Amino acid sequence: MSYPPEGLEQPGPEPFPAPLLPPPPPLPPRPPKFSSRKWLHALLLILTVLTTTYAGAGHYAAFASNFERRSVAFNWSLLVHGFWYSGTLLGILGAHEMGHYLFCRRYNIDATPPFFIPVPPIFFWTGTLGAVIKIRESFPTRRVLFDIGVAGPIAGFLVVVPAVFIGMSLSELVRSPTEGSGLWLGEPLLFKLAVRAVFGRIPDGMTVNMHPMVLAAWFGMLATYWNLLPFGQFDGGHLTYATLGRISKWISLATVAAAIVMTFISLSWLVMTVMMLLMLRVFGPSHPPVLNEYEPLPPSRRVLAIVAALIFIVCFMLVPIEFNEFGSHP
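This structure is a prediction, so every number in the text was calculated from the model and none was measured.

1. With respect to helix H8 (residues 270-283)
Helical geometry: 3.6 residues make up each α-helical turn, so side chains three or four residues apart lie on a common side.
Moving on, step 1. Between its terminal C-alpha atoms H8 stretches 20 Å, which fits the 20 Å expected from 14 residues at 1.5 Å a residue.
Moving on, step 2. Those residues of H8 that fall on the buried side of the exposure criterion are Met272, Thr273, Met276 and Met279. With its buried residues spanning 125° around the axis, H8 presents them on a single face. Away from its buried face by more than 90 degrees, H8 exposes Val271, Leu278, Arg281 and Val282.
Moving on, step 3. Where H8 is buried, its residues meet helix H5 (212-227) and helix H7 (248-265).
Moving on, step 4. One or two positions beyond H8, positive phi appears at Gly284, with a value near 85°.

Next up, the structure:
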């Protein structure tokens, strides 16, 4: 017999009515992944094309003047020749940043397309301060951080290599100027290799009158090895943290110390040194941790780290830019 007997169930207490609570406020909408103000990206790109093309026109005029042995009047045709410089430089910078961006897309990391930074040539003779992307969330693992960090320098370098060889083939071998003064550009190993491949051994008293395409490739090499410096949140800092973990903090500090020493050798290191000191003051020496810091890095990434180190070596310049009297430079 069941209890209570059927038909004799005791009525339970009346339930209390549920309180009427207001609905929770809606969460603020998260920006959709990869969203950005497309008009701003397009505007900055157009302005950077204009400033770099104008700068390129000046560089082509200097190339055509053959170290001022003949004067070249500024005209509209020079602007067309300015694309030798602007197209090459923006190709290198764009490939670098798109390498980062496309790998962010591959790993579903929220990031913006590249922002190009135009600068009037009267203030900075490159016509641009480069390009950047903005990554808007943390990296999940060291492998993802490594892949995104290394993709930029490798992609940019793949454009630099043909540019420096093609540009060198368009350059001329001329007599070295003996009067006046000017800027002397450092010669990284890749640059020397291109000179040897195109011209062989340079005779005494001769020098290379660089085509603007070579100049753009030279700036690409400068940007590549500066980005690969093993510091903070530079590309090199990402790779150092991804491969060595928290030891990267001390490598960042050593890099800053080396850069300070380099400013006493060449003032062309001053801007980069000041930038690193400011970043050190704002962000500190430690790289921001990834979400899963203890995931091991696959051996294949260590091979790519060696490739990145080789790119750094062939692009490195002890003295990038030097102001000298003609005839006094070796």
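The discussion continues.
2. Structural notes on helix H6 (residues 235-244)
Moving on, step 1. A large share of H6 lies buried, amounting to 9 of its 10 residues.
Moving on, step 2. For H6, every residue scored as buried is listed here: Asp235, Gly236, Gly237, His238, Leu239, Thr240, Tyr241, Ala242 and Thr243.
Moving on, step 3. Its buried side turned inward, H6 meets helix H2 (76-106), helix H3 (142-169), H5, H7 and helix H9 (299-315).
Moving on, step 4. Just downstream of H6, Gly245 is the residue with a positive phi angle, here 70°.

3. Observations regarding the packing of aromatic side chains
Moving on, step 1. Throughout the structure, instances matching the rule amount to 11 aromatic pairs.
Moving on, step 2. Relative to Phe219, the ring of Tyr85 lies with its centre 6.5 Å away and its plane at 80°, an arrangement referred to as edge-to-face. With Tyr85 in helix H2 and Phe219 in helix H5, the pair connects residues that are 134 residues apart, well separated along the chain.
Moving on, step 3. Taking relative accessible area as the criterion, Tyr85 reaches 0% and is therefore assigned buried.
Moving on, step 4. The buried category is assigned to Phe219, whose relative accessible area is 8%.
Moving on, step 5. Ring plane angle 45° and centroid distance 6.5 Å describe the contact between Phe103 and Tyr107, whose orientation is recorded as tilted.
Moving on, step 6. These aromatic residues form a ring-pair network of at least three members: Tyr225, Trp226, Trp269, Phe312 and Phe316.

4. Quick look at the environment of Ala155
Moving on, step 1. Within the secondary structure, Ala155 sits in helix H3.
Moving on, step 2. The partly exposed category is assigned to Ala155, whose relative accessible area is 21%.
Moving on, step 3. In this structure the C-alpha to C-alpha distance between Ala155 and His100, which are 55 residues apart in sequence, comes to 8.8 Å.
Moving on, step 4. If we skip the residues at most four places from it in the chain, Ala155 touches Ala95 and Gly99.

5. Focus: the environment of Arg105
Moving on, step 1. Position of Arg105 relative to the elements: it lies in helix H2.
Moving on, step 2. Under the relative-accessibility criterion, Arg105 is labelled partly exposed at 41%.
Moving on, step 3. The spatial distance from the C-alpha of Arg105 to the C-alpha of Ile148 is 9.7 Å, given a sequence separation of 43 residues.

6. Some points on a nonpolar patch on the surface
Moving on, step 1. A cluster of nonpolar side chains, namely Trp39, Leu43, Ile46, Leu47 and Leu50, defines an oily patch on the protein surface of about 510 Å² accessible area.
Moving on, step 2. For Ile46, the location among the structural elements is in helix H1 (residues 38-64).

7. Quick look at unusual backbone geometry
Moving on, step 1. Positive phi, close to 60°, is recorded for Asn108, a residue that is not glycine.
Moving on, step 2. For Asn108, the position within the fold is in the loop between H2 and strand E1 (115-118).

8. Considering the pattern of salt bridges
Moving on, step 1. Across all of its chains, the model carries 3 salt bridges by this definition.
Moving on, step 2. A salt bridge links Asp110 to Arg136; the shortest N-O distance between them is 3.1 Å. Here the residue Asp110 occupies a position in the loop between H2 and E1, and Arg136 occupies one in the loop between strand E2 (128-132) and H3, the gap between them amounting to 26 residues.
Moving on, step 3. By relative accessible area, which is 3% here, Asp110 ends up buried.
Moving on, step 4. The salt bridge involving Asp147 is made with Arg301; its shortest N-O contact spans 2.6 Å. Of this pair, Asp147 sits in helix H3 while Arg301 sits in helix H9, and the two are 154 residues apart along the sequence. There is no split in this pair, since Asp147 and Arg301 are both buried.

9. Section: the side chain of Arg301
Moving on, step 1. Note on Arg301: relative accessible area 15%, which makes it buried.
Moving on, step 2. The residues touching Arg301, leaving out its near neighbours within four places in the chain, are Tyr107, Arg143, Phe146 and Asp147.

Reading the values: rules and limits
- Residues numbered from 1 in each chain as written.
- Predicted model: local features only at pLDDT ≥ 70, side-chain atom pairs only at ≥ 80, totals over all residues.
- Heavy atoms only, no water.
- Helix = DSSP H or I, 4+ residues; strand = E, 2+ residues; numbered from the N terminus.
- Expected span 1.5 Å × (residues − 1).
- Buried < 20%, exposed > 50% of the residue type's maximum accessible area, 1.4 Å probe, protein only.
- Arc of directions from axis to C-beta.
- Contact = heavy atoms within 4.5 Å.
- Phe/Tyr/Trp six-rings, centres within 6.5 Å; stacked < 30°, edge-to-face > 60°.
- Patch = residues over 30% accessible without salt bridge, like charges linked within 9 Å, V, L, I, M, F, W, Y side chains within 5 Å.
- Areas by Shrake-Rupley, 256 points an atom, 1.4 Å probe, with all protein chains shown as cover.
- Salt bridge = Lys/Arg side-chain N within 4 Å of Asp/Glu carboxyl O.

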